[in-house]
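Read off the chains here:
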Amino acid sequence: MLGAIIRFIKFLNTAELTARFQRAVGVHYGAQVAAGNTRTVAHKFQILTYVFNVWTILGDEFFFVLFLPFAFWNFDFFVARRLVLLWSVGMYFGQAAKDYLSWPRPSCPPAIRIADRYAQEHSMPSTHAVSSGLVAFSLLVFTAGRYDYPLWIGVTAAVSLTVMVCLSRMYKGLHTVMDLLCGWLIVAVVGIAGWLWADAVDAFLLSPSILAPIVNLSLSIIALAIYPYERALGLTKADTAAVVSVFCGIYIGLWMSVENPSDVMDGMPFPIRVPSFESMVLGAKQYFSGMLLLGVTKVVFQNAARALLCMLVGIEFKHGRDNV
């Protein structure tokens with residue numbers, strides 16, 4: 001019995017399952033390039049290429065750069081804070097496990113690798129499964145009961161988002177089924193812990209006590225210090241530092257805020273209405289002006305920090321993401 005379970009687990013971690021899915025959705029090798037042994041990738045159903053490219057973006061850094069500010073400025077502080085809390089914890093452990101285990105991507109062949117900025121990273125677990133699962137879980141758990149909508153709609157939307165993001169990673173030949181299942185395991189563990197303790201952690205991090213930012217900053221520094229950087233490939237170390245910094249910066253910024261928006265609880269569950277034209281215009285102005293200020297702040301402080309580090313270690317400062 002145990003042997004059968006082990007064989008089944010190994011089977012789930014084979015590239016053959018990924019290749020079977022790719023063949024089922026029409027991904028195959030095309031003509032061989034004359035200048036070498038490389039072969040082009042052909043898509044029988046071109047529409048699926050666009051569909052899966054869109055879904056895979058929902059687990060990318062680009063999506064969270066756009067989504068997290070929207071969640072804070074135009075949606076709900078109560079939900080957004082808890083979403084960031086669960087997402088950052090899950091992503092940190094997912095990225096750390098990926099680099100600690102250092103499992104390679106599915107072998108090609110039989111799988112077919114489709115170009116992706118994350119193709120050079122390790123495989124196990126899928127952090128796209130982690131990020132999409134925790135976002136979907138957080139939105140479902142922390143809006144259910146707070147907003148008036150049928151629960152089955154929320155569950156269907158959450159499951160659909162997570163499954164489609166995961167299938168998009170198999171479509172690109174970047175993950176095995178086991179990678180995705182382990183990502184969902186992290187979602188389950190962090191999600192249950194968040195459901196139990198997110199309110200308490202959030203309350204402490206926003207408490208007037210000076211210990212709140214000290215503990216926040218100290219744990220963030222420790223998390224980055226013990227990260228297995230020596231095994232990191234691709235952009236994982238930079239992405240992990242960004243995730244930890246987002247969490248730390250948001251909560252310290254809210255703690256320092258003189259007028260921290262209070263969580264509205266009276267009148268729950270809140271009805272879901274179509275916003276008026278005036279409120280949509282105001283929300284758009286707030287969002288885009290905030291994104292502009294956020295972009296300027298990022299460029300200024302990022303280059304200032306890199307210039308300072310280069311001066312401290314005695315190397316020439318150059319613009320670019322991978323210099324320091």
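If you're wondering where the values come from, they're calculated on a predicted model, not measured in any experiment. (Residues numbered from 1 in each chain as written. Predicted model: local features only at pLDDT ≥ 70, side-chain atom pairs only at ≥ 80, totals over all residues. Heavy atoms only, no water.)

Some details on the side chain of threonine 162
Piece 1. Following the sequence through the fold, threonine 162 ends up in helix H7 (residues 151-171).
Piece 2. A polar contact is formed between the side chain of threonine 162 and the backbone oxygen of alanine 158, at a distance of 3.0 Å.
Piece 3. Aside from chain neighbours lying at most four places away, what touches threonine 162 is Ala129, Ser132, Gly133, Ala136 and Trp184. (Helix = DSSP H or I, 4+ residues; strand = E, 2+ residues; numbered from the N terminus. Polar contact = N/O pair within 3.5 Å; in protein donor to acceptor, adjacent residues only side chain to side chain. Contact = heavy atoms within 4.5 Å.)

Let's talk about helix H4 (residues 61-75)
Piece 1. Over its 15 residues, H4 extends 20 Å from the first C-alpha to the last, a length consistent with the 21 Å expected when each residue adds 1.5 Å.
Piece 2. All of the buried residues along H4 are Phe63, Phe64, Phe67, Leu68, Pro69, Ala71 and Phe72. (Expected span 1.5 Å × (residues − 1). Buried < 20%, exposed > 50% of the residue type's maximum accessible area, 1.4 Å probe, protein only.)

What to know about the pattern of salt bridges
Pairs can form between side chains of opposite charge whenever their charged atoms are close.
Piece 1. In this structure the tally under the stated criterion is six salt bridges.
Piece 2. Ionic pairing is found between glutamate 16 and arginine 20, a salt bridge with its closest N-O pair at 3.6 Å. Taken as a pair, glutamate 16 and arginine 20 lie in helix H2 (residues 15-24) at a separation of four residues, close to a single helical turn.
Piece 3. Residues aspartate 76 and arginine 146 are paired through a salt bridge, measuring 2.7 Å at the closest nitrogen-oxygen approach. Within this pair, whereas aspartate 76 is found in the loop between H4 and helix H5 (77-101), its partner arginine 146 is found in the loop between helix H6 (127-143) and strand E3 (147-148), the two being separated by 70 residues in sequence.
Piece 4. Taken together, the salt bridges that share partners define one network made up of Arg81, Arg82, Asp199 and Asp202. (Salt bridge = Lys/Arg side-chain N within 4 Å of Asp/Glu carboxyl O.)

Considering the nonpolar core
Piece 1. Counting 28 residues, the largest nonpolar core has Phe67, Leu68 and Trp87 as its most contacted members.
Piece 2. Counting residues per element, the ones that place at least two in this core are H4, H5, H6, helix H8 (177-205) and helix H10 (236-256).
Piece 3. For this core, the element with the most residues is H5, which contributes nine residues.
Piece 4. One finds Phe52, Cys166, Tyr171 and Leu180 within the second-largest nonpolar core, a separate group that totals eleven residues. (Core = buried A, V, L, I, M, F, W, Y, C linked by side-chain atoms within 4.5 Å.)

A look at the side chain of aspartate 99
Piece 1. Relative to the elements of secondary structure, aspartate 99 occurs in helix H5.
Piece 2. With no salt bridge to any partner, buried aspartate 99 finds its closest opposite charge in lysine 98, at an N-O distance of 7.3 Å. (Lys, Arg positive; Asp, Glu negative; His and termini not counted.)

Here's the deal with the layout of surface pockets
Piece 1. The space that makes up the second largest pocket amounts to roughly 720 Å³.
Piece 2. Lining the second largest pocket are 22 residues, with Phe70, Asn74, Phe75, Tyr147 and Ile272 sitting closest to its centre.
Piece 3. If you list the elements that add at least two residues to the lining of the second largest pocket, you get H4, H6, H7 and helix H11 (277-313).
Piece 4. Broken down by element, the lining of the second largest pocket gets its largest block of residues, six residues, from H4.
Piece 5. When grouped by side-chain class, the residues that make up the lining of the second largest pocket number 16 nonpolar, five polar and one charged. (1 Å grid on protein atoms, 1.4 Å probe; cavity = no way out; pocket = protein on both sides within 12 Å on 5 of 7 lines; lining within 4 Å. Points joined across faces, edges and corners; volume = space filled by probe spheres on them. Nonpolar A, V, L, I, M, F, W, Y, C, P; charged D, E, K, R; others polar.)

Here's the deal with a nonpolar patch on the surface
Piece 1. A grouping of Leu151, Val155, Val159, Val163, Leu181 and Trp184 is seen on the molecular surface, where their side chains present a nonpolar patch of about 460 Å² in accessible area.
Piece 2. Per element, the largest residue contribution to the nonpolar patch is four residues, and it comes from H7.
Piece 3. Mapped onto the elements, leucine 151 comes out in helix H7. (Patch = residues over 30% accessible without salt bridge, like charges linked within 9 Å, V, L, I, M, F, W, Y side chains within 5 Å. Areas by Shrake-Rupley, 256 points an atom, 1.4 Å probe, with all protein chains shown as cover.)

Focus: the packing of aromatic side chains
Piece 1. With the rule as written, the count across this model stands at 13 aromatic pairs.
Piece 2. Summarising the aromatic geometry, the rings of phenylalanine 63 and phenylalanine 67 are spaced 5.2 Å apart at their centres and angled 10° between planes, so their arrangement reads as stacked. With phenylalanine 63 and phenylalanine 67 both in helix H4 and four residues apart, the pair spans about one turn of that helix. Assigned by exposure class, phenylalanine 63 and phenylalanine 67 land together as buried.
Piece 3. Relative to tyrosine 251, the ring of phenylalanine 247 has its centre 5.3 Å away and its plane inclined at 55°; by these criteria the two rings are tilted. A residue pair is termed a helical-turn pair when its members lie 3 or 4 positions apart in one helix, as phenylalanine 247 and tyrosine 251 do in helix H10 at four residues. (Phe/Tyr/Trp six-rings, centres within 6.5 Å; stacked < 30°, edge-to-face > 60°.)

Overview of the packing of H6 against H7
Helix-helix packing is described using two parameters, namely the angle between the two axes and the distance between the axes.
Piece 1. Two elements in contact, H6 and H7, have axes separated by 9 Å at closest approach and are oriented at 170°. Here H7 runs roughly antiparallel to H6, going by the angle between their axes. Side by side, H6 and H7 meet where His128, Ala129, Ser132, Gly133, Ala136 and Leu140 of the first sit next to Leu151, Gly154, Val155, Ala158, Leu161, Thr162, Val165, Cys166 and Arg169 of the second. (Axes fitted to C-alpha atoms, helices over the stretch in contact; angles between N-to-C directions. Parallel < 35°, antiparallel > 145°, perpendicular 65-115°, else oblique.)

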